[in-house]
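Observations on the model geometry
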Amino acid sequence: MSTDTTQIEKLIDGELSWEELRNDVLPDPKDPDRFETTRQILQEKVEFDEPILVPLNDHLFAVGTEDGRVVKGECGHEFGPLADNWKEYCKVRVREDESEMRELYPENMTPEPDWQFQLREFFCPECFTLIDVDAVPAGYPVLKPFDPDIDAFYEEWEDRTPPDRE
Ligand SMILES: [Zn+2]
C-alpha cells in the first residue's frame, strides 16, 4: 500500500491530525489533487450536501452554508458557527469520581480522586456519537482544539478559492 493511500485512510479514520494533514500530506507536488480527493471521499460519507471545507476531527467538519461557515457532525447536526467553540454545542458527560473512572480505567490505573481530574466526554446531541474527550483538571476551561484558517489554507496551500466562495 502506498504511503499516500495510508495517509488518506488515516485521515478518514480520524487518525490524522490537522497538522499532519497540512504539513505532511498536502504539500506533495506529485499529487496536487490529493486534498480534493480526500474531501470528496469525506463528502460522500456525511449526511449533508453543503461543501466540507476541512475536517476538524473524525466526526466534525467545517462546512460552508448559506448562513456562513458552520461546524457540522457526520449526521448533519450543526454545532454553531465555525468561529464559536463547537464543544459548547455538545452534550457533555463529566466523569470525576472513582466509580465513573472505573468504567473506563483498569483499577490500578484509575486516576487518584485527589487529582481533581475530570474526563469530559462530548457527544452529538442528535445521534449521540462520541465526538471528543478531554482529560483535564477540574475547572479547566472548555477549549476548542484548533481554529483552522480556511481561506489561507485554500489560497496558500491549495492555490484555489475555498469551495464555499466559488
Ligand atoms: Zn450527530
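Refer to the structure above for everything that follows.
Predicted model only: the values in this text are computed from it and were never measured. (Residues numbered from 1 in each chain as written. Predicted model: local features only at pLDDT ≥ 70, side-chain atom pairs only at ≥ 80, totals over all residues.)

1. Structural notes on the overall build of the protein
From N to C terminus, the protein includes five helices and seven strands. Going from N to C terminus, the protein has its helices and strands arranged as α-α-α-β-β-β-β-β-α-β-β-α. Within the protein, the proportion of its 166 residues that are buried is 17%. Long-range contacts, defined as pairs at least 24 residues apart, comprise 45% of the intrachain contacts of the protein with a sequence gap of at least 6. (Helix = DSSP H or I, 4+ residues; strand = E, 2+ residues; numbered from the N terminus. Buried ≥ 20, exposed ≤ 12 C-beta atoms within 10 Å, placed from the backbone. Contact = placed C-beta atoms within 7 Å.)

2. Considerations on the pairing of strand β4 (residues 78-81)
Bridge count between strand β3 (residues 68-73) and β4: two bridges; the pairing is antiparallel. Within β4, the position partnered with Val 70 by the bridge is Pro 81. The hairpin turn running from β3 into β4, its antiparallel successor, is four residues long, and Gly 76 in that turn takes a positive phi close to 100 degrees. (Pairing = 2+ DSSP bridges.)

3. A look at the environment of Phe 122
The residue Phe 122 is located in strand β6 (residues 117-123) in this model. Looking at Phe 122, the number of C-beta atoms within 10 Å reads 22, which means it is buried. Along the chain, Phe 122 and Lys 91 lie 31 residues apart, while their C-alpha atoms are 5.8 Å from each other. If we ignore the near neighbours within four places in the chain, the residues touching Phe 122 are Lys 87, Cys 90, Val 92, Ile 131 and Asp 132.

4. Describing the sheet that holds strand β5 (residues 91-95)
What the three strands build is an open sheet, ordered β5-β6-β7; its pairing is antiparallel. Edge positions in the open sheet fall to β5 and β7 (130-137), since each of these has one partner strand only. Pairs of neighbouring strands in the sheet enclose a mean axial angle of 20 degrees, with direction left out of account. The pairing of β5 with β6 spans five bridges and is classified as antiparallel. The partner of Arg 93 across the bridge, within β6, is Glu 121. (Axes fitted to C-alpha atoms, helices over the stretch in contact; angles between N-to-C directions.)

5. With respect to the environment of Val 92
Tracing the backbone shows Val 92 in strand β5. Sequence-distant contacts of Val 92, defined by excluding residues within four places in its chain, comprise Arg 120, Glu 121 and Phe 122.

6. Describing the nonpolar core
One finds Leu 56, Leu 60, Phe 61, Ala 62, Val 63 and Val 71 to be the most contacted residues of the largest nonpolar core, which totals 17 residues. Taken together, the elements giving at least two residues each to this core come down to β1 (52-55), β2 (60-65) and β3. Looking at which element gives the most residues to this core, the answer is β2, with four residues. Counting the residues that make up this core, at least three belong to each of domain 1 (3-84 + 147-165) and domain 2 (88-137). Those residues in contact with Leu 60 that lie beyond four places of it in its chain are Val 71, Gly 73, Phe 79, Trp 86 and Ile 131. (Core = buried A, V, L, I, M, F, W, Y, C linked by C-beta atoms within 7 Å. Domains from an automatic or database assignment.)

7. A short note on the sheet that holds β3
Strand order across the open sheet formed by four strands is β1-β2-β3-β4, with antiparallel pairing between neighbours. Of all the strands in the sheet, just β1 and β4 have a single pairing partner and so form its edges. When strand polarity is set aside, the average angle formed by the axes of neighbouring strands in this sheet is 25 degrees. The pairing of β1 with β2 spans three bridges and is classified as antiparallel. Across the sheet, residue Pro 55 finds its bridge partner in β2, namely Phe 61.

Everything listed here is a matter of geometry and, on its own, says nothing about what the molecule does.
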